[in-house]
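Given next are the chains, with one letter for each unit.
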Amino acid sequence: MKPGNRLFKKRCQITRSSMLREMRERNFERKAFLSLWADRLFSWKGSDPVIFIEQAKKVFQTKNGPVKAVDNINLSVQEGEIFGMIGYSGAGKSTLIRMLNGLETPTEGSVTVAGRKISTIKGTELRKARQEIGMIFQHFNLLWSRTVRENIAFPLEIAGVAKAERDKRVAELIELVGLEGRGDSYPSQLSGGQKQRVGIARALANNPKVLLCDEATSALDPQTTDSILDLLVDINERLGLTIVLITHEMHVIRKICHRVAVMENGQIVELGPVLDVFRRPEQPITKRFVQQVTEPEESKETIQHLLTEHPDGKIVKLTFVGVSAEQPVVTELIRSFQVGVNILQGKISQTQNGAYGTLFVQITGDPAEVARAVAFLDAQQVDSEVITYE
Amino acid sequence: MSEQWFPNVDWEKMWEATYETLYMTGISVVITFIIGMLLGLLLFLTSKGQLWQNRAVYSVTAIIVNVFRSIPFIILIVLLIPFTKTIMGTIIGENAALPALIIGAAPFYARMVEIALREIDKGVVEAARAMGASTWTIIRKVLIPESMPALVSGLTVTAIALVGYTAMAGVIGAGGLGNLAFLDGFQRSRNDVTVMATIVILIIVFIIQFIGDTAVRKLDKR
């Protein structure tokens with residue numbers, strides 16, 4: 001039995017139960033529902049994980065004794081998946097992603113990517129394997145001495161592709177990443193976003209099975225970050241490419257990842273589909289990351305202020321996940337109860353597997369009616385939480 | 001005018017000496033470049049955290065480089081007389097100056113190569129490794145092109161130092177402008193010959209500097 005099978009079965013179960021839940025929640029027409037899920041299932045082409053990490057450990061010897069950068073990690077990533085790893089600096093995510101193309105070798109354990117055991121192969125075999133694993137970097141790492149075209153051609157030169165074919169492929173890639181007309185520019189003449197596009201084109205040159213993104217958007221401004229993330233999603237969908245990315249920004253995870261692993265002190269402390277992690281973050285560190293995208297600091301102040309100003313009302317935090325984000329809960333609330341509803345702050349974030357949102361409302365009126373309104377909210381497929389003084 | 005200001009200058013001799021200086025400088029620059037590159041690459045690649053990290057090789061290379069770099073050139077020539085005699089068969093003339101010039105300048109250039117290579121962004125080398133490049137490919141397609149401006153400006157400095165070395169070598173019988181200035185100028189108290197030889201050396205130096213600067217400007221796309 002292949003190592004991935006057990007995990008895959010487990011994933012199937014998860015998929016099945018979430019299908020059933022969604023069916024209930026959505027009251028979907030059977031046909032439309034099936035075609036939706038068929039799409040989702042077929043987008044997970046592989047039955048085996050394309051990346052398989054088993055009991056990986058990495059210990060660095062430093063002046064202050066050994067440091068465990070990666071501590072006993074087991075992980076598998078399915079073909080066609082966008083898998084995110086989030087953690088603060090020093091969490092070991094950088095070491096972990098470098099194990100996937102052999103830039104770091106694990107002290108113990110094994111790493112398999114696209115059927116090759118990266119952790120043990122060496123020399124020519126390792127170099128061949130690396131040609132099938134693209135990587136992009138925070139600081140782009142382009143060769144300043146080469147033009148855009150020549151930079152993109154570099155991995156093709158390494159792979160020994162003939163000149164004519166190289167030129168053809170480079171032209172395709174330039175179009176794919178939207179850099180038409182910049183082929184003869186030098187990196188110094190490009191903006192950060194354009195440089196990362198060159199990095200992406202370069203990483204895709206040899207048709208890799210996996211793309212590794214090492215903090216690929218951390219050096220970019222928010223707008224450019226979004227355009228690069230859109231490009232990554234586009235590539236993932238068009239080419240079915242598996243993407244593994246590391247970041248410290250929850251925004252990146254929220255926007256493009258299917259699954260996320262939260263790392264702390266060299267270990268994965270939480271792992272799951274992005275929406276589930278958003279819905280029920282368990283570890284304190286995960287909660288902090290989730291708050292990055294859901295609860296801006298100012299809302300806390302606003303709420304404290306409102307709590308002081310309106311001691312009679314109740315302030316409720318509603319959390320919408322997936323389908324329920326699209327339901328008119330607030331409309332229902334106002335229609336059915338004699339209460340005033342004051343929306344304080346709201347935010348809905350799109351993730352790759354559905355929407356996730358929080359809404360802070362103040363409910364005022366007769367205390368009994370308010371209590372009934374809160375009870376109504378509790379009965380909905382919405383997580384609600386009455387906020388009081390902290 | 002030349003009759004009035006430089007009455008003792010024998011132009012034919014001056015041209016011949018200029019040619020000899022250029023010949024010595026030219027040949028020694030080429031060989032210094034090759035040896036210096038090899039030594040510099042060895043120093044860089046075997047240093048800590050690099051592709052061929054090897055403390056023993058690095059230390060031995062570094063010691064050899066430092067020793068030859070520290071010996072004053074005029075003493076180096078004298079010390080190398082037996083060596084020169086063995087490999088060149090003579091200790092007089094332009095060719096006899098070459099071993100000393102190269103051995104004096106190559107370690108100097110090797111250090112400059114090492115510094116130039118160190119300035120390369122480590123991330124670029126990592127990117128090349130991630131693409132599956134071999135060490136040889138990295139040297140040829142990353143290290144050398146990415147450090148080219150620094151390598152060229154280092155070579156310019158080395159070439160200018162070599163012009164100075166040829167003048168010193170000239171004093172002990174290697175020919176060239178240094179020889180002319182010393183024998184015809186200084187020893188026969190003809191200051192105009194010394195001054196003229198100096199002017200020619202200055203012109204050579206300026207030309208080298210100009211060529212070097214232009215090349216660096218053309219190469220540097222940062």
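The coordinates are above.
Residues numbered from 1 in each chain as written. Chains lettered and ligands numbered in written order. Predicted model: local features only at pLDDT ≥ 70, side-chain atom pairs only at ≥ 80, totals over all residues. Heavy atoms only, no water.

Draft legend 1. Expanded view of the pairing of strand β12 (residues 340–351) of chain A. Residues and elements named next belong to chain A. Examined bridge by bridge, β12 and strand β13 (residues 354–364) share 11 bridges and lie antiparallel to one another. Note that in β13 the partner of K347 across the bridge is T358. Where β12 folds back on β13, the antiparallel hairpin that results is connected by 2 residues. (Pairing = 2+ DSSP bridges. Helix = DSSP H or I, 4+ residues; strand = E, 2+ residues; numbered from the N terminus.)

Draft legend 2. Representation of the packing of helix α7 (residues 192–204) of chain A against helix α8 (residues 222–239) of chain A. All names here are of chain A. Here α7 crosses α8 at 20°, and the two axes come no closer than 10 Å. One way to sum up the angle between α7 and α8 is to call them roughly parallel. The element α7 and its partner α8 pack so that their crossing is right-handed. Of α8, the residues touching α7 (which contributes G193, Q196, R197, I200 and L204) are T224, S227, I228, L231, L232, I235 and L239. Broken down by class, the residue content of the contact of α7 with α8 amounts to 7 nonpolar, 4 polar and 1 charged. (Axes fitted to C-alpha atoms, helices over the stretch in contact; angles between N-to-C directions. Parallel < 35°, antiparallel > 145°, perpendicular 65-115°, else oblique. Left-handed = near helix turned anticlockwise from the far one by under 90°. Contact = heavy atoms within 4.5 Å. Nonpolar A, V, L, I, M, F, W, Y, C, P; charged D, E, K, R; others polar.)

Draft legend 3. Region of interest: the side chain of T158 of chain B. With respect to the helices and strands, T158 of chain B occurs in helix α8 (residues 135–174). Discounting chain neighbours no more than four positions away, the residues touching T158 of chain B are T32, A105, F108, Y109 and M112 of chain B.

Draft legend 4. Geometry of the interface of chain B and chain A. Taken together, the contact pairs 22 residues of chain B with 22 residues of chain A. Inspection of the region where chain B meets chain A yields 2 salt bridges. Residues E126 of chain B and R98 of chain A are paired through a salt bridge, measuring 2.7 Å at the closest nitrogen-oxygen approach. Residue assignment for the side of chain B that touches chain A shows that the elements contributing at least two residues are α7 (122–130) and α8 of chain B. Examining the composition of the side of chain B that touches chain A, we find that 7 residues originate from one element, α7 of chain B, more than from any other. (Salt bridge = Lys/Arg side-chain N within 4 Å of Asp/Glu carboxyl O.)

Draft legend 5. Quick peek at the pattern of salt bridges. Evaluation of the coordinates by the stated rule reveals 22 salt bridges over all chains. A salt bridge links E108 of chain A to K57 of chain A, with the shortest nitrogen-to-oxygen separation between them at 3.8 Å. On the criterion of sequence distance, the pair formed by E108 of chain A in strand β4 (residues 108–113) and K57 of chain A in strand β1 (residues 49–62) is long-range, its members being 51 residues apart. The partly exposed category is assigned to E108 of chain A, whose relative accessible area is 46%. Using a relative accessible area of 21% as the deciding quantity, one classes K57 of chain A as partly exposed. One network of salt bridges, with partners in common, ties together R98 and D214 of chain A together with E126 of chain B. (Buried < 20%, exposed > 50% of the residue type's maximum accessible area, 1.4 Å probe, protein only.)

Draft legend 6. The sheet that holds β12 of chain A, seen in detail. All names here are of chain A. Overall, antiparallel pairing links the 4 strands, which are arranged β12-β13-β11-β14 in an open sheet. Two strands bound the open sheet, and with one partner strand each, they are β12 and β14 (383–387). Averaged over all pairs of adjacent strands, the angle between strand axes in this sheet comes to 15°, irrespective of strand direction. Helix α13 (residues 329–336) rests against β11 (314–321), β12 and β13 of the sheet, and its axis sits at about 165° to β12. Packing against the sheet, helix α14 (residues 367–379) makes contact with β11, β13 and β14, and its axis sits at approximately 15° to β11.

Draft legend 7. Expanded view of the packing of aromatic side chains. Residues and elements named next belong to chain A. Counted under the stated rule, the structure contains 6 aromatic pairs over all chains. Pairing F337 with F376 gives two aromatic rings, centres 5.4 Å apart and planes at 55°, and the pair type is tilted. Of this pair, F337 sits in the loop between α13 and β12 while F376 sits in helix α14, and the two are 39 residues apart along the sequence. Residue classification places F337 among the buried residues on the basis of a relative accessible area of 9%. On the basis of relative accessibility, which here comes to 15%, the residue F376 falls in the buried class. (Phe/Tyr/Trp six-rings, centres within 6.5 Å; stacked < 30°, edge-to-face > 60°.)

Draft legend 8. Highlighting a positive patch on the surface. A surface patch of positive charge is lined by K63 of chain A together with K48, R55 and K122 of chain B. Along the chain, K48 of chain B turns up in the loop between α2 (11–46) and α3 (55–70). What makes K48 of chain B exposed here is its relative accessible area of 74%. (Patch = residues over 30% accessible without salt bridge, like charges linked within 9 Å, V, L, I, M, F, W, Y side chains within 5 Å. Areas by Shrake-Rupley, 256 points an atom, 1.4 Å probe, with all protein chains shown as cover. Lys, Arg positive; Asp, Glu negative; His and termini not counted. Charge placed at Lys NZ, Arg CZ, Asp CG, Glu CD.)

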